[in-house]
Amino acid sequence: MTDRLGWPIYNSMWQLRRDTWSNLEELCSRLTPGAGGVVDPTGSKAVLDRVRELLATLEPMEHYWGFPGRRRFQQVQRLLAGGDVSGLCRLVSDINRSLVNDSFRGGVGLTSPEQDGAAQPEQPRNEAAGRPYFEVLVVGELTSAQERALREELRRLRRREDEFVYELVVVPSFTDAVTAVLFNFNIQACIIRQRFAHRSAHDLSDLGVVLDERLSEESADQPPDQRAQALGRRLHDIRPEIDLYLLAEVAVEEIAGRLGQDFRRVFHAREGSLELHLSVLRGVAHRYRAPFFNALRDYSRQPTGVFHALPVSRGKSVVDSHWIREMVDFYGLDIFLAETSSTCGGLDSLLEPTGPLREAQQLAAEAFGSRETFWVTNGTSTANKIVVQALVKPNDIVLVDRNCHQSHHYGLVLAGAQVSYLDAYRLNEYSMYGAVPLREIKRTLLELRRVGKLDRVKLLMLTNCTFDGVVYDVERVMEECLAIKPDLVFLWDEAWFAFARFHPVYRSRTGMASAKTLLERLRDPEYQLEYARYAEQLAAGSDGPVSDETLLDTRLRPDPAKARVRVYATQSTHKTLTSLRQGSMIHIFDQDYSQKAEETFHEAYMAHTSTSPNYQILASLDLGRRQVALEGLELVQKQVECAMSLRDAIDNHPLLSRYVRCLTTADLIPREYRPSGIDQPLRSGLTNMMTAWHSDEFVLDPCRITLSIGATGIDGDTFKRTHLMDKHGVQVNKTSRNTVLFMTHIGTTRSSVAYLIEVLVEIVRELDERFADQSPREKAARAATVEALTVPTAPLPNFSAFHDTFRAGENPVTPEGDMRRAFFTAYDEHLCEYLTPAEVTARMAGGEQVVSATFVTPYPPGFPVLVPGQCFSSEILEFMSSLDTPEVHGYRPELGYRVLTAEALKPDTAATQH
């Protein structure tokens, strides 16, 4: 079972292919040739039968890769049919080893006459060594002679000074092309000829690959150029980074005018291949550029005299030191050669980039699908504060998820916003929160509209995905919110979701991709007609204005004449992609950026950005962008595969599954938010995953594996510190009372997954052996501990309310509050006091409102239970008393909670602190 794009369950066809070649080599090594090197058919029949089965598995797949290529694969088949065991084993071993260690990228097999029947080129085989290798997909119905001629022509055009070397993959049909770009990560460009079939001749269903051929069927009767356009758009949807080229046979000028926006270049099919060859190389070179990294590397090689800051520059203060020479030994000299305060000499200024930094950020915008991208060298905490300060002025109302990262809370304090906290759904059994339901967001907006405050609402801030992997339907949230507030600005905190752009399933739920899709829809004439019909139908159901209840129950659509798409996303590149620590990015897709936000963004960026940014972080961001622009899909797909392998290994292990289990979508997302009704989308096939990701309000990122450990009788913090980190050196993402969160990323390997399984098995085996020898009394005590960890304790608290002193108006009816005023009121010591939990309870029992003077954040769950200006509630106190964690920021055990005094809550007193 697979999704309609063709992604198999658990492992991709790429991994199946690699494993099959490895298994084939192992089987061949077991074949014993007799006299003359001919195999004894009676002694090796079972092995030979299995070899034939594996070759039958590989046969349809090998059409989609440049190495080893169809000709060489056919040679393998001929050797088997002829009984040449020695030749078979030698060739299979060569192929498999080239695949395992990627040596084919250095030229192995690229020029072999067996591969494509061509004569040996003039270039020596090792000339490709050291140059990056990629493959170019050619889509068209070519005869064998035509294909051979095309390969020979392009090979003749190779030059020693070419930066890259590439090989062709030729497929004849629409669905073959889709299959190739899905599974062959080496493909970096695609040449589409006007004549191609719409359906593949290969049946991959036995391999778990089922493609949706509706698009190819729909385009079957269209003119050739329209069919080529449909295919190009399909390939772009799957892998937008691939360069597309069109070979037209007639009216090339007219076609270029109509289709030029869908292709990098349009060529005449009969005018030779030199320009096409050069364009392919140039297209890949564009993504391969790393302007700032190259500039910094070049600068480090220049002789310079440093009469500026940084004694460590060029290693001057370190190399000749008598006491800290190990610094150079540990870090190497290059990092000091590249350390400088200079913004000239080929370098650039992050605050006002005009050279390589500006170019590098523009390349990042292309890669991540934004209109503008800015780099941040002190993490997404700062990125969030920059965006908030750029967009929000004092007394603007901001809607924000209460269990968001602390940087949002502090950013709102600095901006002086009126904060309206949104409550996420609660998962009391696991002591964690999910995400904010769309109905809650709409309800808050409609309430503010009802009291005449909608014009003050400026920004909606949500975390996508959450710490625990819950992902919003970003496009739908923005669509329905814009139907109520057409100029609402969105900030999506994607600190843990930077990788999502580079996988076709994940991409649809990212801020930048959703913004682009939404803007295209609003500009579509068909949508404008559709909206007119929708508005008419909505109004027809009511005598007067449409009621709020009706709007809450209706899938709302934005008015294309009024809605403005203004979307910002902050990403911790260093968390999920390649970057040094604290490397982050701000991505912007804002229709009104130049008119309404550019100047204020610049000021906010200047306010929070160091004038001495770390150049090593900037260079790593540049290279990290280059990496995902060229191999992002491959890396993310391997990340998903590792996650599914980890889940399977845990849940299918007879001993592990008795004590721990991986929580599923059904565990972490209530049924009411999953109209698809699919409990485990990825495990039941990626067709189901695509269905869920298309229709469900929330979905679960499979790469975030929450392990339920309550049955071990060990709490999450102890399991993490004592059993995983201290004993085995295993780092984990976070814990709750009875869970541990693991995550896979692009650096996760199959070996690291195997090690984690070994560690978990060892931990559980030791527990199992200890439990087996326990006395009845010890078993009873253990059962009580397990029950305490597996039975929900005090429910997680929702946001109570801001005290009326920090709310607008004499009789405030909406929940927003001035957290900044409360925050700075607490700067006056005589307006604060400490109360123990018992004293807080007693005062509340006497009818007094007790108000927090600070943020109170227990770890876990790691979000503020109380914020400045918020009233204590019995629900909050009950939850805090149930916690067994020693780490509670904002609470001092020897003193208690820091609260505001009655004097501080007098309106006149608090007003003076604003």
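Every chain's residues receive numbers from 1 upward, in the order its sequence appears when written. Per-residue local features are limited, in this predicted model, to residues with pLDDT of at least 70; the limit for side-chain atom pairs, both in listing and counting, is 80 or more; totals at the level of whole chains, interfaces and linings are taken over all residues. The side-chain numbers reported here are obtained from all heavy atoms of the structure, hydrogens and water having been left aside.

Undergrad: Quick question: what am I supposed to make of the pattern of salt bridges here?
TA: When the charged atoms of two side chains lie near each other, side chains of opposite charge can form a pair. When a carboxyl oxygen of Asp or Glu is within 4 Å of a side-chain nitrogen of Lys or Arg, the pair counts as a salt bridge. Evaluated as defined, the whole model comprises 60 salt bridges. The partner of E249 in a salt bridge is R195, with the nearest N and O atoms 3.0 Å apart. Here E249, found in the loop between strand 4 (243-248) and helix 10 (252-259), pairs with R195, found in the loop between strand 3 (187-193) and helix 8 (214-218); they are 54 residues apart in sequence, far enough to count as distant. The salt bridge involving E530 is made with R557; its shortest N-O contact spans 3.3 Å. Here E530 is found in helix 23 (residues 525-540), whereas its partner R557 is found in the loop between helix 24 (548-552) and strand 14 (566-571), with 27 residues between them in sequence. Relative accessible area decides the class of each residue, using a 1.4 Å probe on protein chains only: under 20% of the type maximum gives buried, over 50% gives exposed, and in between gives partly exposed. Of the residues examined, E530 reaches a relative accessible area of 31% and is grouped as partly exposed. Connected through shared salt-bridge partners, K442, E475, R476, E479, E480, R521 and R555 make up one network. Only DSSP runs of H or I with at least four residues qualify as helices, and only runs of E with at least two residues qualify as strands; both kinds are numbered from the N terminus onward.

Undergrad: Is there a simple way to think about the environment of E494 in this case?
TA: Of note, E494 is situated in the loop between strand 13 (489-493) and helix 21 (504-507). Accessibility expressed as a relative area gives 0% for E494, which makes it buried. Along the sequence, E494 and V867 sit 373 residues apart, while their C-alpha atoms lie 23 Å from each other.

Undergrad: Please explain helix 31 (residues 716-728) as it appears in this structure.
TA: Because an α-helix completes one turn every 3.6 residues, residues spaced three or four positions apart along the sequence face the same direction. If you check helix 31, its first and last C-alpha atoms are just 16 Å apart, much less than what 13 residues at 1.5 Å a residue would give, namely 18 Å. Within helix 31, burial applies to G716, F719, H723, L724 and H728. All buried residues of helix 31 fall inside an arc of 95° around its axis, so they share one side. Contacts were defined at the residue level, with two residues in contact if any of their heavy atoms lie within 4.5 Å. In this structure, the buried residues of helix 31 make contact with strand 19 (734-735), strand 20 (739-743) and helix 32 (750-772). A side-chain oxygen of the first residue of helix 31 lies 3.1 Å from the backbone nitrogen of D717; this N-cap is D715. Just downstream of helix 31 lies G729, where phi reads positive at about 70°. Expected helix span is taken as 1.5 Å per residue step, with the number of steps being one fewer than the number of residues. Read the arc as the range of directions from the helix axis to the C-beta atoms. Polar contacts, as counted here, are pairs of nitrogen or oxygen atoms within 3.5 Å of one another; within protein the pair requires one atom able to donate a hydrogen and one able to accept it, and residues that are adjacent in sequence qualify only if both atoms are side-chain atoms.

Undergrad: I would appreciate a short explanation of unusual backbone geometry in the present structure.
TA: Peptide bonds are trans in most cases, and residues, glycine excluded, mostly fall at negative phi. The residue after F67, namely P68, is reached through a cis peptide bond having omega 5°. Turning to its location among the elements, P68 is positioned in the loop between helix 2 (45-61) and helix 3 (70-81). Each neighbour pair has its own omega, and for N464 with C465 the value is 0°, a cis peptide bond. By secondary structure assignment, the location of C465 is in the loop between strand 11 (457-463) and strand 12 (470-472). Of note in the backbone geometry, R314 takes a positive phi value of approximately 65° without being a glycine. Summarising the element assignment, R314 is placed in the loop between helix 12 (291-300) and helix 13 (316-319). A relative accessible area of 12% places R314 in the buried class.

Undergrad: Hey, could you run me through the sheet that holds strand 20 in this one?
TA: Picture the strands of a sheet paired through backbone hydrogen bonds; they go either parallel or antiparallel. Two strands qualify as a pair provided DSSP detects at least 2 bridges between them. Strand order in the open sheet formed by 4 strands is 16-18-20-19, and the pairing between neighbours is antiparallel. At either end of the open sheet lies a strand with only one pairing partner, and these are strand 16 (661-662) and strand 19. Across 2 bridges, the pairing between strand 16 and strand 18 (residues 704-708) is antiparallel. Directly across from C662, in strand 18, lies its bridge partner L707. As a rule, the C-alpha atoms of each element are fitted with a line to give its axis, helices using only the stretch in contact, and angles between N-to-C directions run from 0 to 180 degrees. Along the sheet, helix 27 (residues 615-651) contacts strand 16 and strand 18; its crossing angle with strand 18, the most-contacted strand, is approximately 15°.

Undergrad: How should the packing of helix 17 (residues 379-391) against helix 18 (residues 406-415) be read in this particular structure?
TA: Pairs of packed helices are described in terms of their axes, by the angle between the two and the distance that separates them. In the contact formed by helix 17 and helix 18, the axes pass within 9 Å of each other and the chain directions differ by 35°. Here helix 17 and helix 18 pass one another in a crossing that is right-handed. Counting all contacts with helix 17, which are made through T380, S381, N384, K385 and V388, the residues of helix 18 involved are S407, H408, Y410, G411, L412 and A415. Here the contact of helix 17 with helix 18 is built from residues that sort into 4 nonpolar, 6 polar and 1 charged. In a left-handed crossing the near helix is turned counterclockwise from the far helix by less than a right angle, and in a right-handed crossing that turn is clockwise. In the scheme used here, Gly and all other residues not listed as nonpolar or charged are polar, with Ala, Val, Leu, Ile, Met, Phe, Trp, Tyr, Cys and Pro taken as nonpolar and Asp, Glu, Lys and Arg as charged.

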